[in-house]
Every structure is written in structure tokens, then in C-alpha cells.
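# Coordinates in review
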Amino acid sequence: MNIAIVGSGYVGLVSGVCLASIGHHIICVDNDKEKIANLKKGEVPIYEPGLDELMKKLMKKKKLTFTSSIKEAAKKATVIFIAVGTPSKKNGDADLTYVENVARQIAVNMDSYKLIVEKSTVPAETGKRIERTVKLNLPKKYRGKIDFDVASNPEFLREGSAIEDFMNPDRVVIGVESKKAEELLREIYKPLKTRMVVTNINSAEMIKHASNSFLATKISFANAVAQICDRVGADILKVTEGMGFDKRIGRSFLNAGVGYGGSCFPKDVDAFIRLSEKSGYQFNLLREVRNVNEDQKASFVRLIEDKLWIVKDKVIGVLGLAFKPDTDDMRNAPAVDIIKMLQQEGAKIRAYDPVSVENTKKILKKITYCKDPYALAKGCDCLLLLTEWDEFEKLDFKKIGQSMRQAIFFDGRNLYNKDKMESLGFEYHGLGRGVK
Ligand code: NAD
């Protein structure tokens, strides 16, 4: 099938590459001309394991092309996915400016039937708005003559395992309101041989917001329980292990740490709160999920302040900056707020991350970047673990501890064994590990 994907970021590019790899002809569009020029040269603008090789292979086979012209894409493709950003406005609403813009551009460039599919995460009832925008902007000569459908197909991939997630999804959700739209989308995903959840557009939009908000709730729940563990001498790792074996609960996302971040959970929780507010329901549970998450970062900083005693001029080494492992995405990474709070107290920050340094430089100032964890640790008054990269699991902590001025370790992801770290000479602080 000839498919266009508008927006070649984390979701658009991965979706384009994966759909090309299951046999479709894909044209990826972006209005960032530099990004498109680089993609045409085979340069991937993001860090995502496996993406680079797969993309180059499909470009060679001519299954995957790039353009900055929606006009060109709208002419060639029958199905057009919208995968542009939907960031938060100041009041928490999803900013749908880019979605509207793309819908309008598709409309003015349409000359035959198109299926327009929302892949971006959008609030319920956005499909109706897209339909109206396309109707209003369709050239006069085509009004009443050419047909189109709008559908919703939310994306559930996770950065860091995006290709695997796209190719082996737990389910594919499609929100459709015509037989033709359903058939086209079923045909597109047929090679994945996966479970399809077919619903109307509003429900599909709700599924995405409700899913992300539920996962954020699990994380905040674990963080709230961790706060109590610290106060009553229980260990959150054991508590979540014991809870997680219950099939009704499940172990995944029940992780205490410095909180969730990234480009999705914070903004999607905000947007869902706003959507419910506007619909006349106060989603106070989600407000508290957000509060717990914000407080988790502040509480981690309070712990550091308490243990360091004086923060001013202390050298703090940060292991890991990205919001999670295997990505270079720094959008809403907890590291950003934590570092800013410590810098305000006068701390000198050093940092190491395998891939996120360039993106961090765009957001944070006055950080000394180090070439590896060993160079980072030298002379530090404490180390903080903020991203649980695989490579951090095998570090030589004896060597690291010996090179520090004070061997204090704050484990913001509860990655390490407390007893082992203490036996290596560290004063170790995890979150919810039962020791104050
Ligand atoms: P992104 O910022 O990485 O990519 C968006 C791209 O759209 C950018 O390259 C931008 O230049 C382009 N763009 C903006 N306006 C455009 C226009 N008018 N024409 C053409 N291109 C345009 O964003 P992302 O992380 O890929 O997220 C996209 C959507 O998918 C969001 O709604 C997000 O919530 C959702 N989503 C993201 C993830 C994730 O893990 N990143 C997962 C699931 C869903």
C-alpha cells in the first residue's frame, strides 16, 4: 500500500521504517528541511536501537523515501498518518496546532480519496475536528466529489525498544467510522498477525490517554509506597516483587525511583486531566499522580541535601541523563529538574550519559561532561544514578569509590544491591529501601 507519514520524529520515523519493512511503500514527510536532507542521506536524527540499519536497508530497496512536501505525499499516498508532536500548552491542554496545520495541508492538496489517520496522541474528539478542518479546506472543485475518512490509530511503542514494540505489539487499536477505513487499516497491519481492537474514533483516542495515565498511576503508586517504606523500615523492591506476582497487579511499571518523565507521560497525564475538566469531571486521582511524581524529584533532592549537609560547592556526579535507558530523549527527563535544583543550591555538576549529552547541552548549562563513569567519579562528593543504562550494571565500584572524595551514592533507580554497595565502602541511599 502507498502510505505517507507526516512527522518524521520518534513515532513517525519508526512507524515509517516498520511499515516499509512489512511490505508497504512509505513516504515520510517532515517540515524540518534539514532533517529531511539528512534522512535522504541515510542519517537517522535520533538514537533508537536497530533503526539506522533497518532504515538504510529499506531506502536501498526503494520502500522508504523522504520529502518535505505534504503535497507530494498527498498525491502519492492513499493513507496518510499524522505523527506530529502534540506538546503541552501552559495550562496542560494538548497543543494541537501541528495536527490542525497538517490536516489543512492534506485537505488543500487532496485530489482523490484519502484515509487520514491520527497516530499522534490526541484528546478524544480530535477526529471530529480533523474531519471538519478537512471539509472546510477542501478545494471548491472537489467538494462533494471526493471522499475521505478520518481514523485513529494510537501508537504504544516505547523509545528504546521502538522497533520491537511496533513489530510485536500487544494490540493494534483502530478507531474507525467506515467499513472502508477499517478494511484499509486491517490490510496495513495484516502482516503483523496481531490482535486488533476495533472501536469508534473517540474510544480509540481515549484508550491511548487512559493507558498512559494508568501506567503513570502505577509508577506514582509505587513511589508513594516507597515513601512509606522509608519511614517504616520496609524495602520497596521486596514489596513490589511480592505485589507483582499477583496476576491482577503485575510487576511492570511498579518501579519506585525519581519519577516518570519523557515526552509522553507528563504531557498525556496533563492533557487527560484537562480533557476531563472540560467534560465536567474532576479527575483528582490523576492530579495526585502528577503531584506524587513532582514531589519524588524534590524528595530525592531533599535526601541529597540532608546527607551532603552542605551542598554549595560540592561536586556531584550524575550517572545517566536521559529519561530512560536506550534513548537520547531529554524531554521532561527527571535529570533536568534534579540538576537545576542542585545547581540552585550551588552544587557543581559533572555528568556522563552514553548518548544524551548533545541533547542535554541544549537544555542545561554549566555542566562538566565526562567521557566515562570512571572519569566522572574522580573527586566527586557523591554520585547520583538517574538513568539505569545497562552499562552501569557492570561498573567497577571499588575503583569508582576509591577515586571519589566521599563515597556517597544516591541510587535514583534502585538499580544496585545495597549490601554489596556498602561492602564496597559506599554510603548507599536508594528510594524506599527502608533506611533513613
Ligand atoms: P517528535 O517531536 O519526535 O516528532 C514530531 C515531528 O513532526 C518533528 O520532526 C517535526 O518537525 C514534525 N512536524 C511538526 N509539524 C509538522 C508539519 N506541519 N509538517 C510536517 N512535519 C511536522 O514527536 P514524537 O515523539 O515522534 O511524537 C509524535 C506524537 O506521537 C506525539 O503526539 C506523541 O505524544 C505520540 N507518541 C510518542 C511516543 C514516543 O515514545 N515518543 C510514543 C507514542 C506516541
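Rules used throughout
- Residues numbered from 1 in each chain as written.
- Predicted model: local features only at pLDDT ≥ 70, side-chain atom pairs only at ≥ 80, totals over all residues.
- Heavy atoms only, no water.
- 1 Å grid on protein atoms, 1.4 Å probe; cavity = no way out; pocket = protein on both sides within 12 Å on 5 of 7 lines; lining within 4 Å.
- Points joined across faces, edges and corners; volume = space filled by probe spheres on them.
- Helix = DSSP H or I, 4+ residues; strand = E, 2+ residues; numbered from the N terminus.
- Nonpolar A, V, L, I, M, F, W, Y, C, P; charged D, E, K, R; others polar.
- Domains from an automatic or database assignment.
- Contact = heavy atoms within 4.5 Å.
- Buried area = accessible area lost by both parts, 1.4 Å probe.
- Salt bridge = Lys/Arg side-chain N within 4 Å of Asp/Glu carboxyl O.
- Core = buried A, V, L, I, M, F, W, Y, C linked by side-chain atoms within 4.5 Å.
- Buried < 20%, exposed > 50% of the residue type's maximum accessible area, 1.4 Å probe, protein only.
- Pairing = 2+ DSSP bridges.
- Right-handed = clockwise from strand over helix to strand, strands pointing away.
- Axes fitted to C-alpha atoms, helices over the stretch in contact; angles between N-to-C directions.
- Arc of directions from axis to C-beta.
- Polar contact = N/O pair within 3.5 Å; in protein donor to acceptor, adjacent residues only side chain to side chain.

Here the focus is the layout of surface pockets. The volume enclosed by the second largest pocket comes to roughly 570 Å³. Of all the secondary-structure elements, those providing two or more residues to the lining of the second largest pocket are helix H5 (97-109), helix H6 (126-137) and helix H11 (265-279). Split by residue class, the lining of the second largest pocket holds 10 nonpolar, four polar and nine charged. Summarising the domain contributions, the lining of the second largest pocket has at least three residues from each of domain 1 (2-199) and domain 2 (231-429).

Right, let's get into the domain arrangement of the protein chain. Each assigned domain of the protein chain is listed here: domain 1 (2-199) and domain 2 (231-429). When each unit is reduced to the centre of its C-alpha atoms, the spacing between domain 1 and domain 2 is 34 Å. Listed by partner, the interface residues are 18 residues for domain 1 and 18 residues for domain 2. Between domain 1 and domain 2, roughly 1,400 Å² of surface is buried when both sides are summed, and carbon and sulfur atoms account for 48% of that area. At the boundary of domain 1 with domain 2, the tally comes to three salt bridges. Between Lys278 and Asp93 there is a salt bridge, with its nearest N and O atoms 3.2 Å apart.

Counting 43 residues, the largest nonpolar core has Leu64, Phe81 and Leu185 as the members making the most contacts within it. For this core, the element with the highest residue contribution is helix H1 (residues 10-21), accounting for seven residues. What Leu64 contacts, discounting residues up to four positions off in sequence, is Gly16, Val17, Ala20, Ile26, Cys28, Met55, Leu58 and Met59. By size, the runner-up hydrophobic cluster in this structure holds 29 residues, among which are Leu308, Leu342, Ile349 and Ile367.

What the rule picks out here adds up to two cavities of 30 Å³ or more. Quantified by volume, the largest cavity comes out at close to 40 Å³. Around the largest cavity, the lining residues are Glu118, Ser120, Thr121, Val122, Ser152, Pro154, Glu205 and Lys208. Across the lining of the largest cavity, the residue classes tally to two nonpolar, three polar and three charged. Estimates place the volume of the second largest cavity at around 30 Å³. Lining the second largest cavity, in full, are Thr86, Pro87, Ser88, Ala94, Thr121, His209, Lys267, Asp268 and Ala271. If you tally residues by element for the lining of the second largest cavity, the top one is H11, at three residues.

On to the pairing of strand E12 (residues 382-385), then. Where burial is concerned, the two faces of E12 agree: the one with Cys382 and Leu384 and the one with Leu383 and Leu385 are both buried. Pairing analysis gives four bridges linking strand E9 (residues 315-319) to E12, with the strands arranged parallel. Pairing of Leu319 across the sheet is with Leu385, part of E12. Looking at chain direction, E12 and strand E13 (residues 408-411) are connected through three bridges and run parallel. Within the sheet, the bridge partner assigned to Leu384 lies in E13 and is Phe410. For the handedness criterion, the β-α-β arrangement of E12, helix H16 (residues 397-403) and E13 is classed as right-handed.

Further remarks concern the sheet that holds strand E14 (residues 427-429). The strand order across the open sheet formed by six strands is E11-E10-E9-E12-E13-E14, and the pairing between neighbours is parallel. Of all the strands in the sheet, just strand E11 (367-369) and E14 have a single pairing partner and so form its edges. If you compare each strand with its neighbour and ignore which way they point, the axes differ by 20° on average. Packing of helix H13 (residues 334-344) onto the sheet brings it into contact with E9, strand E10 (348-352), E11 and E12, and relative to E10 it is tilted by some 155°.

A few words on helix H10 (residues 236-244). Taken together, the buried positions of H10 are Ile236, Thr240 and Gly244. In an axial view of H10, the angular spread of the buried residues amounts to 65°, which keeps them on one side of the axis. Of the exposed residues in H10, those oriented more than 90 degrees away from the buried face are Lys238 and Gly242. Turning to H10, the residues buried within the fold contact helix H9 (201-232). Its side-chain oxygen placed 3.0 Å from the backbone nitrogen of Leu237, Asp235 serves as the N-cap of H10.

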